[in-house]
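Chain by chain, the residues:
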Amino acid sequence: MRKPPTVYAAPASLYSPSLSPSAPSTTLWPLPAELSHSEADRRALRRLLRQRRRHLSLRERCSAEHALFRQLKRLPELMRARTVALYLPNDGEIDATLLCQWLTRRGAHVYLPVLRPFADNSLWFVRYDSSTPLVKNRFGIAEPDTRFGAHKRRRLPAWALDVVLMPLVGFDATGARIGMGGGFYDRSFAFTRRPGPRPRLIGLAHHCQKVPALPVQPWDVPLDAIVSDREIVRPSRQD
Ligand SMILES: Nc1nc2c(c(=O)[nH]1)N(C=O)[C@@H](CNc1ccc(C(=O)N[C@@H](CCC(=O)O)C(=O)O)cc1)CN2
Ligand SMILES: Nc1ncnc2c1ncn2[C@@H]1O[C@H](COP(=O)(O)OP(=O)(O)OP(=O)(O)O)[C@@H](O)[C@H]1O
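Being a predicted model, the structure only gives us computed values, none of them experimental.

1. Quick notes on the site of ligand 2
Next up, step 1: If you check the shell around ligand 2, you find 14 residues, and the closest are Gly179, Gly183, Asp186, Ala190 and Trp219.
Next up, step 2: The greatest single-element share of the shell around ligand 2, amounting to four residues, is contributed by helix 6 (residues 184-188).
Next up, step 3: Class assignment of the residues belonging to the shell around ligand 2 gives a composition of six nonpolar, five polar and three charged.

In structure tokens form, the structure reads like this:
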């Protein structure tokens, strides 16, 4: 019999050995003095922050993952949530999958993002548990298999999720964020600017991804909180 997929552990390939376990990643990958709105600057910043997070050692990752879990368990949004979207970590992203068991024990359901086929960079959210078959998407990230329509009963409209935990590439103290650059989350949650039911949006990142200031783009959806292994940032919503 085929072994069921391991679900709650992050793939071992994510944990590439550290290049230099002792050097703090912020020293090795310093930020430029000025950051502008220009696409070239945003691309350069993404590359640098992605290097920083990939450079964390296994020990730093493990301790960050546990620190993040402690912070998340205290969030009122998660304590009352019944449906929570998270992500399977990729490219050095902070790992929030310790929450899976915690949420399941509380009777909540976990969802993962799936690249929407035949659509412009937006996401579906499909229920995830220990028996969910996973396949790699075009970026090499594992996601629930939606090829044969079996996911249809397990898909939830984005507005019906209680909480969305969103992977960030960078953030600042005001709650501004930068993602992987595909606009996937911005498109999928653009509706949250209008009145009506909406999930709480919570960005997650390693502390080394915090920058002094990030320009906000007109299409950036506002977040309710950003949680790192060090702190919880609560931006004041403008609406
Ligand atoms: N773990 C995780 N899952 C996620 C996301 C994420 O950021 N993290 N996403 C969040 O949006 C979506 C996928 N978005 C992504 C957008 C760009 C790249 C990326 O690596 N881009 C390459 C260019 C690759 C190419 O074009 O072929 C790059 O920038 O180097 C990866 C994922 C859905 N699932
Ligand atoms: N609601 C939207 N409708 C149409 N295009 C959008 C929308 N949101 C973002 N975009 C486009 O997506 C592209 C990427 O946006 P951006 O650089 O802000 O990505 P990001 O915030 O890093 O990614 P993500 O939202 O996936 O975390 C931009 O060219 C932007 O114009």
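What follows continues from the structure just given.
2. Some points on the pairing of strand 10 (residues 200-205)
Next up, step 1: Burial of strand 10 is extensive: six of the six residues sit out of reach of the surface.
Next up, step 2: Of the pairings in the sheet, the one linking strand 7 (residues 163-167) to strand 10 comprises five bridges and is parallel in character. Residue pairing for strand 10: Val163 is matched across the bridge by Arg200.

3. Some thoughts on the packing of helix 3 (residues 58-73) against helix 5 (residues 98-105)
Next up, step 1: Following both chains from N to C, one finds helix 3 and helix 5 inclined at 30°, their axes separated by 10 Å at the closest point. Classified by the interaxial angle, the pair formed by helix 3 and helix 5 is roughly parallel. For helix 3 against helix 5, the interelement crossing comes out right-handed. For the pair helix 3 and helix 5, the contacting residues are Glu65, Phe69, Leu72 and Lys73 in the first and Leu98, Leu99 and Trp102 in the second.
Next up, step 2: Residues belonging to the contact of helix 3 with helix 5 are distributed by class as follows: five nonpolar, no polar and two charged.

The rules behind each value
- Residues numbered from 1 in each chain as written.
- Chains lettered and ligands numbered in written order.
- Predicted model: local features only at pLDDT ≥ 70, side-chain atom pairs only at ≥ 80, totals over all residues.
- Near = placed C-beta within 6 Å.
- Helix = DSSP H or I, 4+ residues; strand = E, 2+ residues; numbered from the N terminus.
- Nonpolar A, V, L, I, M, F, W, Y, C, P; charged D, E, K, R; others polar.
- Buried ≥ 20, exposed ≤ 12 C-beta atoms within 10 Å, placed from the backbone.
- Pairing = 2+ DSSP bridges.
- Axes fitted to C-alpha atoms, helices over the stretch in contact; angles between N-to-C directions.
- Parallel < 35°, antiparallel > 145°, perpendicular 65-115°, else oblique.
- Left-handed = near helix turned anticlockwise from the far one by under 90°.
- Contact = placed C-beta atoms within 7 Å.

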